[in-house]
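Residues per chain are reported as follows:
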Amino acid sequence: ELWEEFRQQAVREGWFRANGLEVATLYLHMAEVLGQLPGELLKEFQRAHRSSGGSSRKPEAGEDRYFLFPEKLYARASAIDSHPDAFSQWMRWAARQSVSQAENVAREWHRILPDDIKPLLYLMEQAEKRNAFPTALSYLEKAERIDAVHSVVRAARLRLLAAGAMRHLQQKKLHLAAEKLTMMAALPQSQQG
């Protein structure tokens, strides 16, 4: 709350623009400070502020207590300064919360910075872990358009096709497995010894 008051005062006094890089940096710092709290303590703190209005001062009607929620701080920082480092910080925090939150951050990262390969690789990896091979391949295709010679990208196609073929064999869908094997045979990695 003190950092939020500092932000408001700095904007009021003209130190920062309301949506300037300094504010984005401050949001990232605030989120990092909240991230150092144990999860249960942060949730308790958020619940207490929801029910009591937060501090000794009476909150204004409809006042947004966004500064108590790291995800809101990261979203605001990334909207102001769409930089891979901001998204990377947000992603690390989200991954500690849940896979679905991290995937949501990766999708937002990709939406705002479509030429950045990192969110696509993360989404591809998560889809592969769920055995969602067509989804993983679609992320891989997008990553290949960005950087086809990236080591992770080059290794992924053969691995994903092989996993998909194995799955089709287990499901006794031989024609689909044969299609995957044909695609695998056409890959440069398959031509090597």
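See the structure shown above.
An account of the accompanying structure is given in this report.

Reading the values: the criteria
- Residues numbered from 1 in each chain as written.
- Predicted model: local features only at pLDDT ≥ 70, side-chain atom pairs only at ≥ 80, totals over all residues.
- Heavy atoms only, no water.
- Helix = DSSP H or I, 4+ residues; strand = E, 2+ residues; numbered from the N terminus.
- Rg over C-alpha atoms; globule rule 2.2 N^0.38 Å.
- Buried < 20%, exposed > 50% of the residue type's maximum accessible area, 1.4 Å probe, protein only.
- Contact = heavy atoms within 4.5 Å.
- Patch = residues over 30% accessible without salt bridge, like charges linked within 9 Å, V, L, I, M, F, W, Y side chains within 5 Å.
- Areas by Shrake-Rupley, 256 points an atom, 1.4 Å probe, with all protein chains shown as cover.
- Salt bridge = Lys/Arg side-chain N within 4 Å of Asp/Glu carboxyl O.
- Expected span 1.5 Å × (residues − 1).

**Examining the overall build of the chain**
Then comes step 1: Within the chain, the secondary structure is distributed over eleven helices and zero strands.
Then comes step 2: In the chain, the succession of α and β elements from N to C terminus is α-α-α-α-α-α-α-α-α-α-α.
Then comes step 3: Radius of gyration (C-alpha) of the chain: 22 Å, far over the 16 Å computed for a compact globule of 193 residues.
Then comes step 4: Across its three principal directions, the C-alpha atoms of the chain cover 70 × 35 × 25 Å.
Then comes step 5: Across the 193 residues of the chain, 37% fall into the buried class.
Then comes step 6: When contacts within the chain are restricted to residue pairs at least 6 apart in sequence, those whose partners lie at least 24 apart make up 45%.

**Some thoughts on a nonpolar patch on the surface**
Then comes step 1: On the surface, a cluster of nonpolar side chains totalling about 410 Å² of accessible area is made up of Trp-3, Phe-6, Trp-15 and Val-33.
Then comes step 2: Residue position: Phe-6 is located in helix H1 (residues 2-12).
Then comes step 3: Phe-6 gets classed as partly exposed once you look at its relative accessible area, which sits at 32%.

**Details of the environment of Glu-103**
Then comes step 1: Looking at the secondary structure, you find Glu-103 in helix H6 (residues 99-112).
Then comes step 2: Remark: the alpha-carbon pair of Glu-103 and Tyr-122, spanning 19 residues in sequence, is separated by 7.7 Å.
Then comes step 3: Every residue in contact with Glu-103, bar those within four places of it in the chain, is listed here: Tyr-122, Leu-123, Gln-126 and Arg-130.

**Quick look at helix H5 (residues 84-97)**
Then comes step 1: Over its 14 residues, H5 extends 20 Å from the first C-alpha to the last, a length consistent with the 20 Å expected when each residue adds 1.5 Å.
Then comes step 2: Of all the positions in H5, only Ala-86, Phe-87, Ser-88, Gln-89, Trp-90, Met-91, Trp-93 and Ala-94 are classed as buried.
Then comes step 3: Elements in contact with the buried residues of H5: helix H2 (21-35), helix H4 (70-80), H6 and helix H7 (118-129).

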